[in-house]
Amino acid sequence: MDKAALASALGAPSGFGQSQFALTRGNAFEARVKADGGAELLRLVHARLDPGAEPPAGAAVPDLSAHGPEGRTARTALALREAVAAGGWTLLDHPMLALDVAGSLAFLEPDAVVVHPDGSWTVVEIKSFPMLDGSADPAKVGAAARQAAVYVLALEEVAARLGAQPEPAGAPARESAPAPRVRHRVLLVCPKDFSNLATASAVDVRKQRAVTARQLARLTRVEEIADALPEGVCFAPDRPAEELTAAVGAVPATYAPECLSACELAFHCRERSRAADAVARLGRPLRAELGGLTTVEDVLAAARGESGDPDDPAVAALRRAASLRAEALATAGRAVAPCP
Ligand code: SF4
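Residues numbered from 1 in each chain as written. Predicted model: local features only at pLDDT ≥ 70, side-chain atom pairs only at ≥ 80, totals over all residues. Heavy atoms only, no water.

Trainee: Residues and numbers for helix α11 (residues 296-304), please.
Mentor: Residues V299, A301, A302 and A303 constitute the buried set of α11. At the exit of α11 stands G305, carrying a positive phi of roughly 85°. (Buried < 20%, exposed > 50% of the residue type's maximum accessible area, 1.4 Å probe, protein only. Helix = DSSP H or I, 4+ residues; strand = E, 2+ residues; numbered from the N terminus.)

Structure representation (structure tokens):
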């Protein structure tokens, strides 16, 4: 479902995504990097990742247009196959890849994929945050690396399929071809020192790739999630807000501040979490420390000694903190008391 549209229909539009200004600036930078058949982008790939290969002059830039995401995915796979067979450099501008996520196909569109003369493939991510003196904001680089790792996994599925495919009819017989290699170092392209010039850095995404692969393998399948929903629940954004609120409320959710940077429904879930007085909205580490105390009122009552098992370490720590606080306030009160 379109979670951004659902959030708006619920009356809690997401503050997600980039501003129009940032989008325009990002698009202009990407267009500049890919101008002239991607000459600058290919120069950076060559310099940072494959300096021993022949220079990427006259690289192929195949047309990847096709009808619908499935058509574009098939067109991309064909272009990759042709590029490997042709040798030399090929730039795939906005290819489309498909990845199985919990039993449902997700379509992904990297900024670019470059095929090297040795037949290996590199994911390229073009970002508009600056790279200052060769390094960029680590949080933004980390997010770009996690994004690129998903593309690497999707490309590996394409490579595995190509490696398993028979040669076209009429082609000379050969040993079974190995699957093309998807490089685990991706290229991150950014503006250099706030200028319009491009600079790039090779980012090793092996760790992010392994983490994402594990997470994907552990995901509950979409059908199982759908089976657990009450009969007739529907998230179509054109439904009345009350109906949608009830539908979203039928799905268990545990809001945490991290949701604000990761999910379009964050403002809606934050309001629900506030209304439920849940401690989870104060952060996952705190929730973990409070154990069975799930609401702010439970926590305050335990601290005041009105409820809770005194042998529970969380309850004992809260009571100790409350008594220290009372002691500190009493001391402070004496310190500021007027002289007799
Ligand atoms: S709990 Fe967080 S991740 Fe789940 S739907 Fe709400 S905002 Fe999104």
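Trainee: Account for the environment of D133, naming residues and giving values.
Mentor: One can find D133 in the loop between β5 (121-126) and α5 (138-164). For the pair formed by D133 and L162, sequence separation is 29 residues and the distance between their alpha carbons is 40 Å.

Trainee: Give a detailed account of the sheet that holds strand β4 (residues 112-115), specifying residues and quantitative values.
Mentor: Across the sheet, 5 strands lie side by side as β1-β4-β5-β6-β7; this open sheet has mixed pairing. Every other strand in the sheet has two partners, leaving β1 (90-93) and β7 (198-204) as the edge strands with one partner each. Between one strand axis and the next, the sheet turns by 25° as a mean value, whatever way the strands run. For β4 and β5, the ladder comprises 4 bridges, and the chain directions are antiparallel. Bridge assignment links V113 to a residue of β5, and that residue is V123. (Pairing = 2+ DSSP bridges. Axes fitted to C-alpha atoms, helices over the stretch in contact; angles between N-to-C directions.)

Trainee: Can you tell me about the site of the ligand, naming the residues and giving the values?
Mentor: Around the ligand sit A253, T254, Y255, C259, C263, L265, A266 and C269, and those are all the residues in its vicinity. Its residues placed into classes, the shell around the ligand shows 7 nonpolar, 1 polar and no charged. (Near = heavy atom within 4 Å. Nonpolar A, V, L, I, M, F, W, Y, C, P; charged D, E, K, R; others polar.)

Trainee: Give me unusual backbone geometry: which residues, what numbers.
Mentor: Excluding glycine, residues mostly carry a negative phi; peptide bonds, for their part, are mostly trans. With a phi angle near 50°, H94 is a residue other than glycine that sits in the positive phi range. Along the chain, the position of H94 falls in the loop between β1 and β2 (97-101). H94 gets classed as partly exposed once you look at its relative accessible area, which sits at 25%. Within the chain, D133 stands out as a residue other than glycine whose phi angle is a positive 50°.

Trainee: A description of the pairing of strand β6 (residues 185-191) should follow, citing residues and the corresponding values.
Mentor: Among the 7 residues in β6, 6 count as buried, and that is most of the element. As paired elements, β5 and β6 share 3 bridges and run parallel to each other. Along β6, the bridge assignment pairs E125 with L188. In terms of strand pairing, β6 meets β7 through 7 bridges, oriented antiparallel. Looking at β7, one finds that L187 is bridged to A202. Hairpin remark: β6 followed by β7, antiparallel, with 6 residues in the connecting loop; positive phi at D193, about 50°.

Trainee: A description of the nonpolar core should follow, citing residues and the corresponding values.
Mentor: In terms of nonpolar packing, the biggest core is built from 33 residues, with L80, W121, L155 and V205 touching the most fellow members. When residues of this core are traced back to their parent elements, those giving at least two are α4 (68-86), β2, β4, β5, α5 and β6. Residue contributions to this core peak at 12 residues, all from α5. In terms of nonpolar packing, the next biggest core, distinct from the first, is built from 19 residues, L41, L42, L49 and I126 among them. (Core = buried A, V, L, I, M, F, W, Y, C linked by side-chain atoms within 4.5 Å.)

Trainee: How would you sum up the pattern of salt bridges? Please name residues and give values.
Mentor: A full pass over the atoms with the stated rule returns 18 salt bridges. The partner of D118 in a salt bridge is R181, with the nearest N and O atoms 3.7 Å apart. Taken together, the residues span a long stretch of sequence, with D118 in the loop between β4 and β5 and R181 in the loop between α5 and β6 at a distance of 63 residues. Here R304 and E297 are joined by a salt bridge, their closest N and O atoms 3.1 Å apart. For R304, a relative accessible area of 48% corresponds to the partly exposed category. Because the salt bridges share partners, they merge into one network encompassing D50, D118, R181 and R183. (Salt bridge = Lys/Arg side-chain N within 4 Å of Asp/Glu carboxyl O.)

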